[in-house]
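Geometric and topological summary
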Amino acid sequence: MTDSSNHKVAKPANLRRRILAGGAAGLTIAGAPFVSRMAFAQTGPIKIGFPTPLTGAFSAEAQDQVRAAELAVKEFNAGGGFNGRKCELLVRDDKLNPGEAATRTLELIEKDKVDLIVGSLSAATQLSINAVCKARKVLFNSISQSDAINEAKDWSFYTFHEALTPHVTAGAVARYAFPKFGKKVVYLTADYAYGHEMVRGFQRAGQAFGMQTLADIRHPLGTSDFSSFLPRIQALKPDVLVLCNFGRDLVNAAKQVTDFGLKQNMKVIAPVLLYTSRQAGGADAFEGILGGTSYYWGLEDRIPTAKIFNDKFRKAYAGAAPSDYGALGYAGIRSVLQAITEARSTTATAVANVMRKMRYDFYKGSQSYRLCDHQSVQSVIIVESKSKAMKDKYDVFNVLSIEAPDENNLRTCDELGHKVLS
Amino acid sequence: MTQANPISSAIALIAQHRVAAVLIFLLLFPLIMPYEALALNILIFGLYAVGFNLLFGYTGLLSFGHAAFFGVGSYLTGITIVHFGLPWWLAIVAGTAASGVVGLLIGFLAIRTRGIYFSMVTLALGQIVYYAFYKAERWTGGENGLRGVTVEEINVFGLTLDFVNPLTKYYVLYVFVALALWLVSRILASPFGAVIESIRENENRTAACGYDVARAKLLIFTLSAVICGLAGALRALHLSIVPIDSLHYLLSGQAVMMCLLGGMGTFFGPFVGAAVFLYLEDVATSFTTHWMAIVGVVFMVFVLFFPKGIWGTLVQRWQRWNNHSVVTK
């Protein structure tokens, strides 16, 4: 009697135990792919995630980034890779949307298990990618301009910034142009972070030359008709007009400034004169406009590495010249691959530690990362748009000057909020 | 007596316990999705579409300003974490409550109008909210978006959970979605739920029956804003950022698309719509930059040939088949 009752009680307990055991086995099986994937990651290819806006307003620039990044990867693999491990580039379209950029970065980290992330092409998307990488301690090398990413509250030990900052670019253009063309300045500014950062950069650099701001005229992002701003600029009679806008806005502003005849009375400058914008806008609209850029292929007659990079790019892509943002894609990938090879490891901390000490010259002369914020200290090229004597469709700028890399042109570590110096 | 068909009785059981059925489905959902971040996006946007559907599908009011509630929920959750250091769950409450308040204000102004004017007024007020947040750069980060909404681990009943782990994050946010879905189902099953549906069918007659139509509209508008605000709050925690696009009118349009695609006026339809829309977009993006063309064509096909949406069509087919089989027997 007692036996049978015991037996009866034992049954459900057994059942429960069996379910538990089964559950544990199930979990092990479910977990197995993760374990094997992690083991695989040590020996399989080095995976680099590359989120960039293949669709949206900057798709032309983004596609050039991808082409140049693939070139860097091919080169690395042709050279045997690292320990026999080849590199694999995982390109994802972030649609120029920060929410999509964050989702894609999560996909790259959580599903594809990438070793690190390089990419982005706007201030907002790079900040969102950085936020995701920072929380997961994944190394991120940004190849797009932003001032905010270097500031202590966004930055992390795993954040690197390969591109120039608006502060440095605007400063370099100001240092070149302001002493030459007069003291009275009008800014025509796209009303968002990028525009404001550019104006701030100009004004800071302009103080040294006693520049006088007549007006900072703000226009909404995506303005197509500038005719209401132009008579006011005419009436202010400035010596210099600075176009602090980007992409399509810059092309439209340049066209209308030209049509309005403003160039006869004042020098027009743009902080960032993009190769792709100039090609889209045409020679006449940009005629005589002066600006800064991170790279122009025409550097090749004075910088040997530029010549090597251009030739490789031309060979790979039917004679096309690399653009400024394209070149950043190349440099962004090459620096992390170089660091992996030197560190003999793909872990974020080891790679970051090597990158901090690295001096490199991949395409535009010597560069290195500043220790406090991992900003790449590099030269700024001052160019002027050509309209005559162009050899071919790639020949659009004259290189006027190269501002040598100098940490003193960056905002100080202290100003960015970095407590620990170097 | 008709012999109960096992399939039809199973479906009847699901229809009876719709919240439980949806929740079981969502519990297993991350396992069938290509990656967890996408499953989370669908969970969040599904809830957003469900909240929107309260107003659009059940009350018959087409709002073009619902991104305002989603965005306010997101931003206030983010701001209270970044600037005030609130614990994550309190931040969710704050974000949801804030979008309720904004919903009450916008609703108060918007329900005085009807039809296309209602849509226009909500769109305009939504844009005002967008602009206000865009300009308040010190608080919201403006164009760059709000960063630093980072929650690395959370404590629940003495348990410490790793919130960076995607599955943990999914199931934590799932609890909030579950509560919201139960609430929505409860609202729809209540007498008040019948009132809003009768407003959709015939507003004058509802008023003639003695119901205060204006108050019912304002209440459902606010409730809809609260649900959408909760979805926004969860997104802030999911992405650890709040992009300014969260307030953009395109996101308001997305809610309409998701509802139409899935089936407006059905409980689960908006979820299906959100899942199909986001999954299709994700898949199409990975092999072509012309993903918009594919999503657009699929959307048009459904609007033209399945005006009741995916889920709505399925429900209709089932009802017809069920009635038919009952009659023949």
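Residues numbered from 1 in each chain as written. Chains lettered and ligands numbered in written order. Predicted model: local features only at pLDDT ≥ 70, side-chain atom pairs only at ≥ 80, totals over all residues.

Quick word on the overall build of chain B
- Summing up its helical and strand segments, chain B has 15 helices and four strands in all.
- The C-alpha radius of gyration of chain B comes to 20 Å, within 12% of the 20 Å expected for a compact globule of 329 residues.
- Expressed as a percentage of its 329 residues, the buried residues of chain B come to 47%.
- Look at the contacts in chain B between residues 6 or more apart in sequence, and 74% of them connect residues 24 or more apart. (Helix = DSSP H or I, 4+ residues; strand = E, 2+ residues; numbered from the N terminus. Rg over C-alpha atoms; globule rule 2.2 N^0.38 Å. Buried ≥ 20, exposed ≤ 12 C-beta atoms within 10 Å, placed from the backbone. Contact = placed C-beta atoms within 7 Å.)

Looking at the overall build of chain A
- Looking only at helices and strands, chain A has 14 helices and 15 strands in total.
- Across the 422 residues that make up chain A, the buried fraction comes to 49%.
- Contacts in chain A between residues at least 24 apart in sequence constitute 69% of all its contacts with a sequence separation of at least 6.

Considering the pairing of strand β7 (residues 212–219) of chain A
All names here are of chain A.
- Pairing geometry for strand β6 (residues 184–190) and β7, over seven bridges, is parallel. Bridging from a neighbouring strand, Y187 pairs with D216 of β7.
- Handedness of the crossover joining β6 and β7 through helix α6 (residues 193–206): right-handed. (Pairing = 2+ DSSP bridges. Right-handed = clockwise from strand over helix to strand, strands pointing away.)

Remarks on the interface of chain A and chain B
- Opposite the 25 residues of chain A that make contact, chain B presents 22 residues.
- Residue composition of the side of chain A that touches chain B, grouped by class: 13 nonpolar, five polar and seven charged. (Nonpolar A, V, L, I, M, F, W, Y, C, P; charged D, E, K, R; others polar.)

Observations regarding the sheet that holds strand β4 (residues 139–142) of chain A
Residues and elements named next belong to chain A.
- Here five strands make up an open sheet; going across it, the order is β2-β1-β3-β4-β5 and the pairing parallel. Lying at the two open borders of the sheet, with one neighbouring strand each, are β2 (87–93) and β5 (159–161). Across the sheet, the axes of successive neighbouring strands diverge by a mean angle of 20°, strand direction being ignored.
- Relative to β4, strand β3 (residues 116–119) is paired through four bridges, and the arrangement is parallel. Within the sheet, the bridge partner assigned to V118 lies in β4 and is N141.
- In this fold helix α2 (residues 59–78) packs onto β1 (46–52) and β2, with an angle of close to 170° to the strand it touches most, β2. (Axes fitted to C-alpha atoms, helices over the stretch in contact; angles between N-to-C directions.)

Section: the domain arrangement of chain A
All names here are of chain A.
- Domain boundaries in chain A define domain 1 (46–164 + 298–378) and domain 2 (167–293).
- Placing the centre of domain 1 and that of domain 2 at their C-alpha centroids yields a distance of 29 Å.
- The interface of domain 1 with domain 2 comprises ten residues on the first partner and twelve residues on the second.
- Looking at the side of domain 1 that touches domain 2 residue by residue, the class counts come to five nonpolar, two polar and three charged. (Domains from an automatic or database assignment.)

With respect to the environment of I7 of chain B
Residue and element names in this part refer to chain B.
- Position of I7 relative to the elements: it lies in helix α1 (residues 6–16).
- Residue classification places I7 among the exposed positions, given that 11 C-beta atoms sit within 10 Å.
- Residues I7 and F157 lie 150 residues apart in sequence; the distance between their C-alpha atoms is 41 Å.

So, the confidence of the model for chain B
- For chain B, the mean per-residue pLDDT works out to 93, and 97% of the residues sit at or above 70.
- The ipTM for the predicted assembly is 0.92, set against a pTM of 0.89. (pLDDT = per-residue confidence, 0-100.)

Considering helix α12 (residues 324–343) of chain A
- If you check α12 of chain A, its first and last C-alpha atoms are 28 Å apart, about what 20 residues at 1.5 Å a residue would give, namely 28 Å.
- For α12 of chain A, the buried fraction is high: 16 of the 20 residues fall into the buried class. (Expected span 1.5 Å × (residues − 1).)

Digging into the packing of helix α5 (residues 88–110) of chain B against helix α6 (residues 115–135) of chain B
Residues and elements named next belong to chain B.
- For the pair α5 and α6, interaxial distance at closest approach is 10 Å and the crossing angle is 140°. Handedness of the α5/α6 crossing: right-handed. In contact with V102, I106, L109 and A110 of α5, α6 contributes F118, V121, T122, L125 and V129.
- Classifying every residue of the contact of α5 with α6 gives eight nonpolar, one polar and no charged. (Left-handed = near helix turned anticlockwise from the far one by under 90°.)

Considerations on the packing of α5 of chain B against helix α11 (residues 213–239) of chain B
Residues and elements named next belong to chain B.
- Here α5 crosses α11 at 145°, and the two axes come no closer than 7 Å. Crossing hand, α5 versus α11: right-handed.
- The class makeup of the residues in the contact of α5 with α11 is 15 nonpolar, ten polar and no charged.

Considerations on the nonpolar core
- Among the nonpolar cores identified, the biggest contains 215 residues, and I48, L243 and Y330 of chain A together with L47, Y48, A49 and I227 of chain B are the most heavily contacted of them.
- Considering each element in turn, this core owes the most residues, 17 residues, to helix α3 (residues 36–58) of chain B.
- In this structure, this core is formed jointly by two domains, domain 1 (46–164 + 298–378) and domain 2 (167–293) of chain A, each of which donates at least three residues.
- The residues touching I227 of chain B, leaving out its near neighbours within four places in the chain, are L47, V50, G51, L54, A180 and V184 of chain B. (Core = buried A, V, L, I, M, F, W, Y, C linked by C-beta atoms within 7 Å.)

Notes on the sheet that holds strand β12 (residues 367–369) of chain A
Residues and elements named next belong to chain A.
- One open sheet accounts for three strands, arranged β11-β12-β13; its pairing is antiparallel. Two strands bound the open sheet, and with one partner strand each, they are β11 (359–360) and β13 (376–377).
- Sheet topology places β12 next to β13; two bridges connect them, and they run antiparallel. Of the residues in β13, the one forming a bridge with S368 is V377.

As for the pairing of β2 of chain A
- The sheet contact formed by β1 of chain A and β2 of chain A spans seven bridges and is parallel. Bridged to I46 of chain A within β2 of chain A is C87 of chain A.

Some thoughts on the environment of V351 of chain A
All names here are of chain A.
- Looking at the element boundaries, V351 is found in helix α13 (residues 348–357).
- The sequence separation of V351 and L400 amounts to 49 residues, and the corresponding C-alpha distance is 37 Å.
- Those residues in contact with V351 that lie beyond four places of it in its chain are L116, L139, V336, A339, I340, A343, S345 and T346.

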